[in-house]
Each structure stands twice: as structure tokens, then as C-alpha cells.
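Residues per chain, in single letters:
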Amino acid sequence: MKTWIDGRVVDVAEATVNVTDHGLLYGDGVFEGIRVAAGRVFRIDRHLARLEVGARALGIALPRSPAELRAIVEETARAHGEREAYVRLVVTRGVGPLGVDPTTCERPGLFCIVGSIRLFSDEQRRRGLDLITSSHRRPDADALDMRVKSLNYLGSALAKLEARQRGADDALLLNARGHVSEATVANVFALRGDVLATPPATDGCLEGINRAAVMDVARSVGLTVVERSLGRLDFFAADEAFLTGTGAGVIAMRSLDGRTIGGGERGPVTARLTEMHRRLAEREGVEIIPPAGGQA
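These numbers were taken from a predicted model, which means no experiment stands behind them.

This part is about the pattern of salt bridges. In the structure shown here, the tally under the stated rule is 27 salt bridges. Here Arg-70 makes a salt bridge to Asp-45, at a shortest N to O gap of 2.8 Å. Linking Arg-70 in helix 3 (residues 66–80) with Asp-45 in helix 2 (residues 44–58), this pair joins segments that are 25 residues apart in sequence. Overall, Arg-70 belongs to the partly exposed group, its relative accessible area being 25%. Exposure remark for Asp-45: the relative accessible area of 51% places this residue in the exposed category. Where Asp-169 meets Arg-127, a salt bridge forms, and the shortest distance between an N and an O atom there is 3.2 Å. Separated by 42 residues along the polypeptide, Asp-169 in the loop between helix 5 (154–165) and strand 8 (170–175) and Arg-127 in helix 4 (residues 122–127) bring together distant segments of the chain. For Asp-169, a relative accessible area of 7% translates into the label buried. Each of Arg-43, Asp-216, Arg-219 and Glu-284 takes part in salt bridges that share partners, so that together they form one network.

A word on the nonpolar core. Val-73 and Cys-112 are the most contacted members of the largest nonpolar core, which totals 24 residues. Put simply, the parts of the chain that give this core at least two residues each are strand 3 (29–37), helix 2, helix 3, strand 5 (85–92) and strand 6 (109–115). Every residue in contact with Val-73, bar those within four places of it in the chain, is listed here: Ile-34, Val-41, Ile-44, Val-87, Leu-89 and Cys-112. Leu-131, Val-188, Ala-238 and Ile-251 belong to the second largest nonpolar core, which has 21 residues in total.

The next subject is the pairing of strand 12 (residues 224–227). Where strand 11 (residues 195–198) and strand 12 come together, four bridges link them in parallel fashion. Among the inter-strand pairings, Leu-196 is bridged to a residue of strand 12, identified as Val-225. Considered for its hand, the β-α-β crossover made up of strand 11, helix 6 (residues 209–220) and strand 12 is right-handed.

So, on to the environment of Glu-284. In this structure, Glu-284 sits in the segment after helix 8 (268–283). When its relative accessible area of 23% is taken as the criterion, Glu-284 is described as partly exposed. Between the alpha carbons of Glu-284 and Arg-43 there is a distance of 7.3 Å; along the sequence they are 241 residues apart. Residues within four places of Glu-284 in sequence aside, it is in contact with Arg-40, Phe-42 and Arg-43. Within the structure, Glu-284 has its side chain in polar contact with the side chain of Arg-43 (distance 3.0 Å).

Tallied over the entire structure, the rule returns two aromatic pairs. Ring centres of Phe-31 and Tyr-153 lie 5.4 Å apart, and the angle between their planes is 65°; on these two criteria the pair is classed as edge-to-face. Remark: Tyr-153 occurs in the loop between strand 7 (129–138) and helix 5 and Phe-31 occurs in strand 3; sequence separation between them is 122 residues. Relative to Phe-242, the ring of Phe-189 lies with its centre 5.0 Å away and its plane at 15°, an arrangement referred to as stacked. Placement of Phe-189 in strand 10 (residues 187–192) and of Phe-242 in strand 13 (residues 240–245) is noted, with a sequence separation of 53 residues between them. According to the relative accessible area criterion, Phe-242 is buried, its value standing at 1%. Above the plane of the ring of Phe-236 lies Arg-259, whose end atom (NZ or CZ) is 4.4 Å from the centre.

Here we take up the sheet that holds strand 3. Pairing within the open sheet is antiparallel, and its six strands lie in the order 2-1-6-5-3-4. Each edge of the open sheet carries a strand with a single partner, namely strand 2 (8–11) and strand 4 (40–41). In the packing of helix 2 onto the sheet, contacts are made with strand 3, strand 4 and strand 5, and the angle to strand 3 comes to roughly 175°. Packing of helix 3 onto the sheet brings it into contact with strand 1 (2–5), strand 2, strand 3, strand 4, strand 5 and strand 6, and relative to strand 6 it is tilted by some 35°.

What follows deals with the packing of helix 6 against helix 8. Here helix 6 crosses helix 8 at 115°, and the two axes come no closer than 10 Å. Relative to helix 8, the element helix 6 lies roughly perpendicular. Regarding helix 6 and helix 8, the two cross each other, and that crossing is right-handed. Touching Asn-210, Ala-213, Val-214, Val-217, Ala-218 and Ser-220 of helix 6 are Leu-273, Met-276, His-277 and Leu-280, all from helix 8. Residue composition of the contact of helix 6 with helix 8, by class: seven nonpolar, three polar and no charged.

Right, let's talk about a nonpolar patch on the surface for a bit. Together, Val-19, Leu-24, Leu-25, Tyr-26, Leu-98 and Val-100 make up an exposed nonpolar region whose accessible area comes to about 620 Å². Following the sequence through the fold, Leu-98 ends up in the loop between strand 5 and strand 6.

Quick look at the side chain of Ser-255 now. Mapped onto the elements of the fold, Ser-255 is located in strand 14 (residues 249–256). On the basis of relative accessibility, which here comes to 9%, the residue Ser-255 falls in the buried class.

Reading the values: the criteria
Residues numbered from 1 in each chain as written. Predicted model: local features only at pLDDT ≥ 70, side-chain atom pairs only at ≥ 80, totals over all residues. Heavy atoms only, no water. Salt bridge = Lys/Arg side-chain N within 4 Å of Asp/Glu carboxyl O. Helix = DSSP H or I, 4+ residues; strand = E, 2+ residues; numbered from the N terminus. Buried < 20%, exposed > 50% of the residue type's maximum accessible area, 1.4 Å probe, protein only. Core = buried A, V, L, I, M, F, W, Y, C linked by side-chain atoms within 4.5 Å. Contact = heavy atoms within 4.5 Å. Pairing = 2+ DSSP bridges. Right-handed = clockwise from strand over helix to strand, strands pointing away. Polar contact = N/O pair within 3.5 Å; in protein donor to acceptor, adjacent residues only side chain to side chain. Phe/Tyr/Trp six-rings, centres within 6.5 Å; stacked < 30°, edge-to-face > 60°. Lys NZ or Arg CZ within 6 Å of the ring centre and 35° of its normal. Axes fitted to C-alpha atoms, helices over the stretch in contact; angles between N-to-C directions. Parallel < 35°, antiparallel > 145°, perpendicular 65-115°, else oblique. Left-handed = near helix turned anticlockwise from the far one by under 90°. Nonpolar A, V, L, I, M, F, W, Y, C, P; charged D, E, K, R; others polar. Patch = residues over 30% accessible without salt bridge, like charges linked within 9 Å, V, L, I, M, F, W, Y side chains within 5 Å. Areas by Shrake-Rupley, 256 points an atom, 1.4 Å probe, with all protein chains shown as cover.

Structural data, given as C-alpha cells:
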């Protein structure tokens, strides 16, 4: 892995963060997970726009302009050198004294990591995922708006731990009203007939960049795409269901709480959307890492 920090790119083992950074001490900060596919950084402008909105919501002034942040991501990705990679761009509240008061931090921290990520195995991708419904709930927006991609992922971590301890691959999280929000680190979709439904952001999910991309390609093949509140029943009744995310890509759900979804395997629509999403990522954006022997 490679890391941009303090104005230079270094091996991740050489990168250091001050232990009094409030991003470490209190989860006070925002980040983006960005995909590099076929040597191209996927929808980086949309990621940077979401990062800016999240930082503004937390009262953090981004320490670099969007153009500078883009250059940092591309520089780090080039140094990593792999045409398939995962980017983690992080903005913290910054170094400050002990105590939760954000106003004691003089300036935000910034670093960028590029490496590989493997949330699920090839076998899991082939067969689909088994999910449970987590006992942990997504908070309402008046408590913590999940549209902000903050450094506080404790709820997701506990839900993932619960799923793994119960023998499942991942977990579905509900909000306080019992509506489905999302999986631990991915958006969720349920297909019934030619209608593809996904929870609205107001039900406690992230406005995923890959979620939007899949919605676009689904419409292009004639599916009716709707954002509406979903319950567990919508997944039990679905013909197919799947997750989307930067790390997850597009991956099928084969069961929820021990009940088979559809045919209990990756369905034809999920397979088609997976391939279309992949092709979209391979052609969008400027190629910054050429194939071996090529030139960018």
C-alpha cells in the first residue's frame, strides 16, 4: 500500500498519524472510499463533492481544493501502480488536546491510502451472500445523519461482528421504524418483476456513488427503479436482491435470516447489472495507470 501524507507519498509502514488527532480519538472526520478500475479513478468528482458536503456538515474546512485533492488521489494511485485498487481519502478534525471540543483543533488532517480491498471471496461472489438482520439499528437523521460518511463506523463494525458470530456473511440494518437502511458497508436493492427498489437516503443509508451508478445502468435496460421504504418482507418476496458499494462492487444476496431469496443464487438480472457496472467503471474517467507496456 501507498500513503500520501504531509505532502509526500510513502509506503504505508512509514506513514504516521499523531495520536492526539481527534479523528483517531473521537472518530471526528470524514472519508471517501474510491475505486480504481482498469487504471481509472471511478467518479472521483462525485466522491469529492460528497466529501465536501460531509465536511461542511461537521464544520470542517477541507485543507485542500477539489483539484488538489484529486491530484493527491491520482498521485497516490500512480505510486501504487495497480490498475485495480481501492482509495481511502481521509480528512480528520486534526491534532488537539484531550477532550472532545472540536474548536481546540487548529487545522484538519489529511491523508490518502491506496491499496487492495477484498470484502468477499470469489466463492461468495459466485454463490451470493447469506445475511442476517442485525439487532443494531441505524440512528435517525436528527441523531446522526448517515449521509455523512464519517469516521465513526462502530455501528457497522458491531453489525458485521454479529453477522460473523451467527455464521452469516453480512448484516442488514434497520432504522428505528423497522425500515431497511443498508448492509454494513453497502447499499441494498430488491428486484421484483421489472421493479428494482432501494431504500431512500432518508431511511438511514449512504447516498452511494455505486448505488447511483447501478440505478443508471438499471434504467438503461428498461427496469423501473424506485427509492422507497423497504421492509424485510420485500427481500423475502424478491426475485433477486443484491448489495452495491465501492469495496463490495455488485454482489448477490442469496438468503436473509435463513430464508432463501429468489432461486437462492445470483440471478440473471444481478449478473447483467454486475457486468454493466464493471464496464461503466472501465470506461469512465481519465486513465491514469496504463496497462503494462502502455502509456497513460
